[in-house]
Structure formats: structure tokens, C-alpha cells
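For reference, the chains in residue letters:
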2 protein chains.
Amino acid sequence: MISNGMISQTCKGQFAFLPLGQRVLDKLQKVVEDELNQIGAQKVSMPLMATAQLWNKSGRWERNGSIMFKTKNCENAEFCLQPTGEEMITEIVAHHGAGISDGRPLLLYQSTEKFRNEARPEYGMIRSTQFLMNDLYSFDVSLQSASNTYKIVTDAYKRIFFERLGLTEIQIVDAENGDMGGDVSHEYHLQNAAAQDHIALCRDCKTSTLWSPNIKCEKCDNKMESVPTVEVAHTFMLGTEYSSVFNAKGDDGIPYSMNCFGIGLTRLIAASIDTLSTGNAMRLPYPLSPFKVAIVLPKPTGAVTPPLDFAYSMLDTLEGLRNLDGDILIDDRIQKSVGRRLNELNQLGIPHIFVIQAKKSFQPHDHIRIEYLRTEPRSKEFIDCGILNHSQMLSVLRNNI
Amino acid sequence: MISNGMISQTCKGQFAFLPLGQRVLDKLQKVVEDELNQIGAQKVSMPLMATAQLWNKSGRWERNGSIMFKTKNCENAEFCLQPTGEEMITEIVAHHGAGISDGRPLLLYQSTEKFRNEARPEYGMIRSTQFLMNDLYSFDVSLQSASNTYKIVTDAYKRIFFERLGLTEIQIVDAENGDMGGDVSHEYHLQNAAAQDHIALCRDCKTSTLWSPNIKCEKCDNKMESVPTVEVAHTFMLGTEYSSVFNAKGDDGIPYSMNCFGIGLTRLIAASIDTLSTGNAMRLPYPLSPFKVAIVLPKPTGAVTPPLDFAYSMLDTLEGLRNLDGDILIDDRIQKSVGRRLNELNQLGIPHIFVIQAKKSFQPHDHIRIEYLRTEPRSKEFIDCGILNHSQMLSVLRNNI
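Residues numbered from 1 in each chain as written. Chains lettered and ligands numbered in written order. Predicted model: local features only at pLDDT ≥ 70, side-chain atom pairs only at ≥ 80, totals over all residues. Heavy atoms only, no water.

Student: Sorry if this is basic, but what is going on with helix H7 (residues 265–276) of chain B here?
Tutor: In an α-helix, one turn spans 3.6 residues, which is why side chains three or four residues apart end up on the same side. Residues and elements named next belong to chain B. Taking 1.5 Å of rise per residue, 12 residues should cover 16 Å, and H7 covers 16 Å from first to last C-alpha, within 8% of that figure. With 10 of its 12 residues buried, H7 lies for the most part within the structure. Turning to H7, its buried residues number three or more, namely Leu265, Thr266, Leu268, Ile269, Ala270, Ala271, Ser272, Ile273, Thr275 and Leu276. (Helix = DSSP H or I, 4+ residues; strand = E, 2+ residues; numbered from the N terminus. Expected span 1.5 Å × (residues − 1). Buried < 20%, exposed > 50% of the residue type's maximum accessible area, 1.4 Å probe, protein only.)

Pasting the structure below:
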């Protein structure tokens, strides 16, 4: 990602998103938020800093102290940069959260920066000290209703990972709730050589659990294999752990049953690039590629003007097509050879690339020849799809984007 | 905003955006980013923390020290939570910013959280310790080219404030560059009783400058008046102040000429509510209202079922209309009286409100009577637009949204 100009390291464990990387991040955020809006979740944003008092209430100021960045205001009051938001959202809901009923829980999410004062930030964006996370919190009047909500949100997570992003490699494993509290929890793991974690995977039936040596697959009795992974999401049924402390309760005086859900957006981008790329050609899930289409203008030969006007009139036509507005890159770096630019576009993993062939003069809708190339996940090289004319190109775009 | 459930104070000077307020914030961010994308600016996001070394290079670690929140990592290295981003963006561009040419400057912007360790955070979101800001930085090969870029961006700012948001009250005044460096700068002020600042305003010809006692209008020789305001944006021509320190320079070895531009997004929302509202009825610029349309379902009378199905089939029709997807609020709180709900919708400033009149049974496209009410900036009460039938309602929506 650094060599492609997508991100830039500003210090150990911290990364700026440059224009190409930012486009990927914005697209991922939109995919996730679209699916969450579909299930009736509402977007909020909470301050990044929280008071020591707030985190003392839950007991996590002490327990999580060493991994939190801390700061003080002018009056010497202590704050942390929040690694997660259970305390704050529960206190807010305790004050504002009216109208929660059975079958109509409150689902609130945000996509905000989280902080972890890691002793050894490494593996690039896989383990950084600041990261973008989408975190969702749900509030129900009963454990049974919360259990139903847990299913609704985890179903949305599956749609995000498997249907929208096509990351079929993700394994969902039963997990410990640990410091977060509650009884039920699942982790979403993507195979990754950076090996933050390991899961136990049965290669036959794809059953997976948290790794411990010498375990056998429950389904097919095979010995399970330790697979290096990175955790890209987690989901927790929290019960009343936080709601009882912060007094977030229904009209009947019973504390709400809570769940929380999180997707590490920046980490997911890094991990899916690792999974889908081959060699030094970067590959992303199709909906996240920084541009869907690139149009490569030829290098001028002799006295022939490069066909800029032609390309921009073509751009007008193409942007009128469904879903392509703002998603077309015109590669007009005509001082560089086509081959060199194609190499860069392949490394960026632009899915559809059209190379306009050199010609003496260009008029809109002229009879031009266009070379069509595609890139695909897990393939390092282009797929050459032959030569098209202008109307064939439009029909490719209409049918394949 | 607090009483309308748009925001919630989490501690002195910090606010969470609840679902209604978040919708306003997302819409404002989109308006600003749309206009900046139009002029070829590219979105990035930089880490919120920066090292002491980075800020020491520019000399601002010492100069700004008292108003910055500071923190330390595991290795005891010092960081600040950035109040602004000149140092970091210039260092990034020094490493990556190739291809800047005359007439083709580099424009980078972000919409991220900024921090100010205010001694007295007050006036709600007008002066908070964390705020969302859209900050844009431009890099040009010459001062002349930078001057042209300054005009392009400030023209985009004028479109945002005057055309898109209709905030005609904003006064643009020549300002001092102060701590930021450089020679040319303008502040954008909106009249506001919170009176963070004052400008001198000539009531006749609307000329304005920074306030000092007893100054006369240059244009019409009238005595100028001190007007309490809040600064919602600032723009600076920075010259080579940062580029020379961080070594951000062109192929010719000459440091880039820089400008920086910032809009305080959260503050702008608070200030425009102050400007446009009357009494306790909240008003926002039209494109920022949390929903464009509300449909109020009648309270069930006797044995009549509330027309939920009817409303949702209507919703399908309406969402097909241009720009209305996701922007319609169905007020189905049928246990509350219509009058009470209308009062709340007026306080929220929803521009178009349709009240479906009670009826024995409801079928899609039925002959129903719909009361049409509007709210407008600077007006506390509804404008009653009479009774419509279903097709008149559709035509109102087609022509007025």
C-alpha cells in the first residue's frame, strides 16, 4: 500500500491515507454503513476522548490502563483516547435512550478512530496505534430479544464479508468474551501471514475454532491445522454488564441487554489486500478498488495531438452509465509509455482498463480501436480481452460494472 | 440541539452526535466535499496524533503548547492531538508530492477531528475541545500560481456558504495571519450572540473588517458598528513558511507556495442554527435539515387500524423521486396526538410535512386528504399550505424538493 501511494507512515504505527487509499477506505465505510442502515441501525459519533471517571465506573480504567493513550486537560483532569466505546454509549443511552421495546431494539453505530498504545506496533496497518473501526452497540429489553438482534447484526456482517466484499476466506469462530464481558462472542478471521492470531481449521469441512494444539475436528474427526490469521471483526453478547453499571434500563427498571459489534476498517483493507494479491500486484475486493475503470490515452506519435478532448467527451458518456460517476480514471500521463502506465494500473488492480489506440485524428464516436484488459483477485497478470470498438466498449461497461 | 436530541454532552466541551445531529453533520460534510471535489481537490486523512519532533521542526510545539492536548506512547515519546495539520501534510508532500506543475497544483483536504485544550470550553459546540474541521492544503510551484489557487478555493468556499447553504449573513473580512504565518488571510464570520469575536460592520454598504474602536467605513464614510460574531472558516496564503522547513519543493529546488483553508464543520452547524432559528424552533440551512420530508400518520380513532401499510407503500413511491431516498421520516408514533408530534417536527425544522388525515380504511393511491405544512428559516411557526390529494402531494414533492 505504501509503494502504491495509498498510505504514508507518519510515525511508528500511524498511517495517513493518501487520495488512492482514502477512496478505498470511503468505499468500505459506505458498504458497511449501507448494510447497517438496512437493518435499522442509526449512525452517531462519540468524542474520541473520555474521562477517567467514565472508565473507572466500569473498572476498565485500571484493567486497560497500559494499552490506553492518556492525556490531561487544562484543569489536570485525566482522559483516555478511547480504544472502544461501551462505557460512553451506555451512559448516553442511559440519558437519552427512550422508546426501546421488544422487537424494536436500539442499534447505534459509528465509524471513528480508535487508539491502542501498542508496545510493538508492527505489520503496517494490521496492528497500528490509531485505526478506523466501525463499532455498533445494540440495546434490547430482554436477553431473548438481544439474542434475536445478535443474529440480525451478524447476518448483516456475513452479507458485508461474503456477499458484498466476496471475502469467502473469512472464518467465523466461537471466542472467549475476555475483558469485554458477557457470554457469547465470535471472531472473524482472515488468513494472514502477519499471524497476529492463529485459528484451528479443518481443511476438509472448513470447521474452525480458536487454536489449541492437537485438537480434532468435531465434524469429521480430522486433526485440525493451525492457520495464521488476523482478526478483522468481533461480535459480543454483553448482557447487562455495562447497562447495570451505567443504569441504562427500560421503563420496567430492568437493565437493557446489550450486544456490541466491531469491524476494523483499516485492518480489513490491509488484510484483504494480503489475501487477494499475488506478487507485487495489489488486489482488493471488487467494490473497494480505488477506480472501477481506467482509460489510458496513447502517447502522442509524431505531430499527432493526444486525444484529450476525445477522452473527456467519452468520459461524459461513461459517467452517465450506472454507478460510474467519479469512478473512472483518465490516465493522461501521455509523456509516459503505455506499457509503463499499464504496469502501474495492474499493480493498482484497476478491474477494467481500456487503452485507446493511437490514431492521426480523433472525433467523438469515431471508429477507434480500444484494447480491453481486466485484472482479477488472486491473479497477478492482466486478462487480455481483445480489441473493441466504441460501442462494444459501452456495452462491456453496461453489462459488467 | 441538546433539547432536540441532536447532540449529547459527554463532558465539558465535548459532544456526541446522536442520530439526528449525525445526519446534519454528514450532509454538511457532503456539501463541502462535493464542492472541493469539483475543483479537483483530493481527500486524504491524516493521523490525529503527531510527534513532538514534527511540531518542533516548525517551532509550534513551544508556541502552541498550552492549547494542545499531549500524550505519550509506551516508549515515553511525546505526541500532541493535532489542532491543525500544516506540519504533517507538508512532511507527507515532501515525501510523495510529485507532479505539481504551474496551473496544476496539488489540493489535499480532510474532514477530521481537531483538538484544542481550551481553558474555558463554553457556548456548546461553538467552542469545544474536540471539533470536526474540513481542512484543505494547497501546493503550487510559484506564488503567482498559489494566488490563483487561493482564488479558486475561496470561490468554492463562497459557493458553499452563499449558494449551497444560503448563509448570506456570512461576512468575509481581511485578517491577520498570526501564528499561522504568511501574508494574506481572510476570516468568515457569522453574527452570533455567543460573541467569540467581533467584526466592524457598516450597516449601509455591508463592508466589514476586523473590529477596532471608532473606525469609519472606507466606502461610505459611516461609523462602523461592532457586531458579535463567530468565525466559521479561515483561509491563509502561507507562502513557503512550512514548505521550506519541511523541504517540500519542486524539481527546480524551490519550496512550494502553500495555502491552507479550514471550515469548522461542527461549529458551523451550531452557528447557523443560532442565525436561522427563532424562539425554540430550530432552523437549519435547507440542505442540512435532518429529513427533507415528514409524513405524519393519524392517531387511530375507534376501531380503525392506523394506515401503516398505506404509509409504507407511499414511501416506496416517494423514495423513487429525485433526492428523497433516505430523507423521509415516517412519524408513526401514533400513540401521541398529531398536534404534539407537529410541534416536535416544527421544533426540528423539517421543511415539508404531510399530515395524513384519519379515515376508516386505507388503500394505496386512495383518495385521501393530506394537510401540507412547511417550515422556513427565520420563521418560528408553520406555513399552512392547505389540503392536498395524493397526486397533488406528489407534484409538490416533484417541484419543491
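Moving on from the coordinates now.
Student: Honestly, the UniProt feature "domain: Aminoacyl-transfer RNA synthetases class-II family profile" (unreviewed entry) in chain A in this entry has me stumped. Any pointers?
Tutor: The residues that UniProt annotates with the feature "domain: Aminoacyl-transfer RNA synthetases class-II family profile" (unreviewed entry) are residues 21–285 of chain A. End C-alpha atoms of residues 21–285 of chain A are separated by 13 Å, and the span's content is 30% helix alongside 29% strand. (UniProt positions renumbered as here; feature names shortened; annotations may be inferred.)

Student: Looking at this structure, how should I read the environment of Ile401 of chain B?
Tutor: As for its position among the elements, Ile401 of chain B is in the segment after helix H10 (390–400). Put simply, Ile401 of chain B and Asn323 of chain B are 78 residues apart on the chain and 7.6 Å apart in space, counted from C-alpha to C-alpha.

Student: How should I be thinking about the pairing of strand E8 (residues 130–140) of chain B in this particular structure?
Tutor: Residue and element names in this part refer to chain B. Of all 11 residues that make up E8, 11 are buried, and the element is covered over most of its length. Across the two faces of E8 the burial is the same, with Gln130, Leu132, Asn134, Leu136, Ser138 and Asp140 and Phe131, Met133, Asp135, Tyr137 and Phe139 all buried. Across 10 bridges, strand E7 (residues 106–115) lies against E8 in antiparallel orientation. Bridging across to E8, Phe115 finds its partner in Gln130. As judged from the eight bridges shared by E8 and strand E14 (residues 257–264), these two strands associate in the antiparallel manner. Directly across from Asp140, in E14, lies its bridge partner Ser257. (Pairing = 2+ DSSP bridges.)

Student: Could you clarify how one ought to interpret the domain arrangement of chain A in this entry?
Tutor: You'll often see interface size given as the accessible area lost when the parts meet. Residue and element names in this part refer to chain A. As far as domains go, chain A holds domain 1 (7–276) and domain 2 (291–400). At the boundary of domain 1 with domain 2, total buried surface from both sides reaches about 550 Å², with 46% on carbon and sulfur atoms. Counting the contacts that link domain 1 with domain 2 gives three salt bridges. Between Arg378 and Glu169 there is a salt bridge, with the nearest N and O atoms lying 2.3 Å from each other. Scanning the region where domain 1 abuts domain 2 turns up five residue pairs in polar contact (both at pLDDT 80 or more). For the side of domain 1 that touches domain 2, the leading source of residues is helix H1 (residues 19–38), giving three residues. Along the lines of polarity and charge, the residues of the side of domain 1 that touches domain 2 split into two nonpolar, no polar and three charged. (Domains from an automatic or database assignment. Buried area = accessible area lost by both parts, 1.4 Å probe. Salt bridge = Lys/Arg side-chain N within 4 Å of Asp/Glu carboxyl O. Polar contact = N/O pair within 3.5 Å; in protein donor to acceptor, adjacent residues only side chain to side chain. Nonpolar A, V, L, I, M, F, W, Y, C, P; charged D, E, K, R; others polar.)

Student: So what exactly am I meant to see when it comes to unusual backbone geometry here?
Tutor: Trans peptide bonds make up the majority, and among non-glycine residues the majority have a negative phi. All names here are of chain B. Phi at Asn76 is positive, roughly 70°, even though this residue is not glycine. Look at Asp221: it is not a glycine, yet its phi comes out positive at around 65°. Mapping Asp221 onto the fold places it in the loop between strand E12 (208–210) and strand E13 (225–239). The exposure class assigned to Asp221 is exposed, which follows from its relative accessible area of 55%.

Student: Is there a simple way to explain the packing of aromatic side chains in this structure?
Tutor: Residues and elements named next belong to chain A. Tallied over the entire structure, the rule returns 14 aromatic pairs over all chains. Residues Tyr157 and Phe161 carry aromatic rings whose centres are separated by 6.1 Å and whose planes lie at 90° to one another, so their mutual orientation is edge-to-face. Residue Tyr157 and its partner Phe161 are both found in helix H5 (residues 143–164); the two are separated by four residues, about one turn of the helix. For the pair Tyr157 and Phe161, one class covers both residues: buried. (Phe/Tyr/Trp six-rings, centres within 6.5 Å; stacked < 30°, edge-to-face > 60°.)

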